[in-house]
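Chain and residue survey
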Amino acid sequence: MKYKKVKVEELDIFYREAGDPTKPVILLLHGFPTSSSMFRNLMRDLADRYYLLAPDYPGYGHSSAPSTTEFEYTFDHLAHIIDCFLRVLHINRFSMYVMDYGAPVGFRLAAQRPERIQALLIQNGNAYDEGLEDFWIPFKGYWENQQDQKSIDGLRFLLTKDATYWQYTNGVRNVENIDPDAYTVDQALLDRPGNDAIQMQLFLSYGSNPPHYPEWQAYFRKYQPPTLITWGKGDFIFPPSGAHPYLRDLPNAELHLLDTGHFALEDNHEVIAGLIDAFLTKNVRQEGPAATMADREVPHG
């Protein structure tokens with residue numbers, strides 16, 4: 001594992017890198033409130049077969065975290081930054097693992113440039129109205145009225161250590177399997193001065209995602225990207241009701257419901273790694289160095 005930074009539009013974008021650059025590329029897009037650290041185990045599991053890149057979004061992990069007056073924290077902007085990140089690294093063909101916030105970031109990239117996507121690896125990330133259940137009630141109130149104090153209080157609770165602990169432990173088989181370093185580090189980064197404003201801006205911007213669902217669903221239907229869905233079935237944030245609708249538009253997708261919660265990689269990374277390896281071996285050409293390097297060249301202009 002290597003820990004790197006690149007400049008993207010005046011920002012330092014941190015990323016984890018593992019594997020051989022001549023192998024098929026997997027881009028890993030993290031969720032809230034974590035960072036590329038959520039992929040630390042999976043990357044080690046797959047590093048002998050793939051080239052893995054996991055960036056931190058602005059405001060997360062070890063990437064730059066400008067204030068909300070210096071940077072517009074929207075999902076459109078996050079997707080733009082990740083697109084620029086790929087250009088800087090000359091990555092043009094890749095499979096994409098999306099989880100939670102990673103889904104609206106990644107699906108924007110896929111719908112804009114479908115030729116880049118070799119496969120989708122979806123884990124507890126939403127693209128259907130059916131997936132926005134009870135957890136999303138305060139979000140919907142906030143989207144409708146930014147002065148609604150009840151909704152604001154509900155969302156600010158999500159920035160507390162109790163809520164972060166709950167996200168990691170709710171729905172899992174055995175809490176003793178969850179590394180406390182994961183939620184402790186996430187909370188320390190959430191608690192940085194000014195980070196609460198960043199998160200509230202993104203909570204508001206999440207309301208921009210459901211209007212994109214028809215566009216992303218149309219992308220699924222038209223391009224039929226090979227898709228593997230691994231879903232923690234105990235997740236209250238994104239319950240299985242958000243997983244099944246993918247099969248309407250992607251009838252050849254594989255769906256695996258796992259006995260865990262929101263952060264499925266914490267106690268199921270070896271299972272998910274095995275499913276990914278089998279799936280990509282079957283569905284993605286295992287390129288040699290020359291073909292891979294050609295695929296990594298990104299046209300500019």
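Residues numbered from 1 in each chain as written. Predicted model: local features only at pLDDT ≥ 70, side-chain atom pairs only at ≥ 80, totals over all residues. Heavy atoms only, no water.

Check the secondary structure of the chain and you find 12 helices and eight strands. Against the globule reference of 19 Å for 301 residues, the chain gives a C-alpha radius of gyration of 18 Å, in line with a compact fold. Seen through its principal axes, the chain has C-alpha atoms that stretch 55 × 40 × 40 Å. Across the 301 residues that make up the chain, the buried fraction comes to 58%. Just so you have it, the chain exposes about 12100 Å², and 51% of that area is on carbon and sulfur atoms. When the 27 positive and 40 negative side-chain charges of the chain are each reduced to one mean point, those points stand 5 Å apart. (Helix = DSSP H or I, 4+ residues; strand = E, 2+ residues; numbered from the N terminus. Rg over C-alpha atoms; globule rule 2.2 N^0.38 Å. Buried < 20%, exposed > 50% of the residue type's maximum accessible area, 1.4 Å probe, protein only. Areas by Shrake-Rupley, 256 points an atom, 1.4 Å probe, with all protein chains shown as cover. Lys, Arg positive; Asp, Glu negative; His and termini not counted. Charge placed at Lys NZ, Arg CZ, Asp CG, Glu CD.)

In terms of burial, strand β6 (residues 117-123) is largely enclosed, as seven of its seven residues are buried. Sheet topology note: the strand β5 (residues 94-99)/β6 ladder contains six bridges and is parallel. For Val-98, the partnering residue across the bridge sits in β6 and is Ile-122. Assessed by its sense of winding, the connection that carries the chain from β5 through helix α3 (residues 102-112) to β6 is right-handed. As paired strands, β6 and strand β7 (residues 227-232) are joined by three bridges and run parallel to one another. Note that in β7 the partner of Leu-120 across the bridge is Thr-227. (Pairing = 2+ DSSP bridges. Right-handed = clockwise from strand over helix to strand, strands pointing away.)

Generally speaking, soluble globular proteins have nonpolar side chains that are buried together. Ranked by internal contacts, the top residues of the largest apolar core, which has 67 residues, are Phe-107, Phe-203, Phe-220 and Tyr-246. No other element matches helix α2 (residues 75-88), which puts eight residues into this core. Here Tyr-246 is in contact with Phe-107, Ile-122, Gly-125, Asn-126, Ala-127, Tyr-128, Phe-220, Ile-229 and Trp-231, once residues within four sequence places are set aside. Grouped together as the second largest cluster of nonpolar side chains are 32 residues, Ala-18, Leu-28, Leu-258 and Leu-275 included. (Core = buried A, V, L, I, M, F, W, Y, C linked by side-chain atoms within 4.5 Å. Contact = heavy atoms within 4.5 Å.)

Along the chain, Phe-32 connects to Pro-33 via a cis peptide bond; the corresponding omega equals 0°. Even without glycine at this site, Glu-10 takes up a positive phi of about 75°. Judged by its relative accessible area of 73%, Glu-10 falls in the exposed class. Positive phi is not limited to glycine here, since His-90 has a value of about 60°. Inspection of the secondary structure assignment puts His-90 in the loop between α2 and β5.

Under the criterion given, the structure shown has three cavities of 30 Å³ or more. Lining of the largest cavity is provided by Phe-32, Asp-100, Tyr-101, Phe-135, Trp-136, Phe-139, Leu-158, Gln-167, Phe-203 and Ile-237. Along the lines of polarity and charge, the residues of the lining of the largest cavity split into eight nonpolar, one polar and one charged. When its volume is computed, the second largest cavity comes out at roughly 50 Å³. Around the second largest cavity, the lining residues are Pro-33, Thr-34, Ser-35, Gly-59, Tyr-60, Gly-61, Asp-186, Leu-189, Leu-190, Arg-192, Asn-195 and Gln-199. If you list the elements that add at least two residues to the lining of the second largest cavity, you get α7 (180-190) and α8 (195-205). Broken down by element, the residue count for the lining of the second largest cavity peaks at three residues, all from α7. (1 Å grid on protein atoms, 1.4 Å probe; cavity = no way out; pocket = protein on both sides within 12 Å on 5 of 7 lines; lining within 4 Å. Points joined across faces, edges and corners; volume = space filled by probe spheres on them. Nonpolar A, V, L, I, M, F, W, Y, C, P; charged D, E, K, R; others polar.)

What follows deals with the environment of Lys-140. Among the structural elements, Lys-140 can be located in helix α4 (residues 137-144). A residue is classified by how much of its surface remains accessible, and Lys-140, at 33% relative accessible area, is partly exposed. Lys-140 sits 64 residues away from Leu-204 along the chain, and the two C-alpha atoms are 9.1 Å apart.

We now examine the pairing of strand β1 (residues 2-8). For β1 and strand β2 (residues 11-18), the ladder comprises seven bridges, and the chain directions are antiparallel. Its bridge partner being in β2, Lys-4 is matched across the sheet by Tyr-15. Following β1, the chain reverses through two residues before pairing antiparallel with β2; Glu-9 in that reversal takes a positive phi of roughly 50°.

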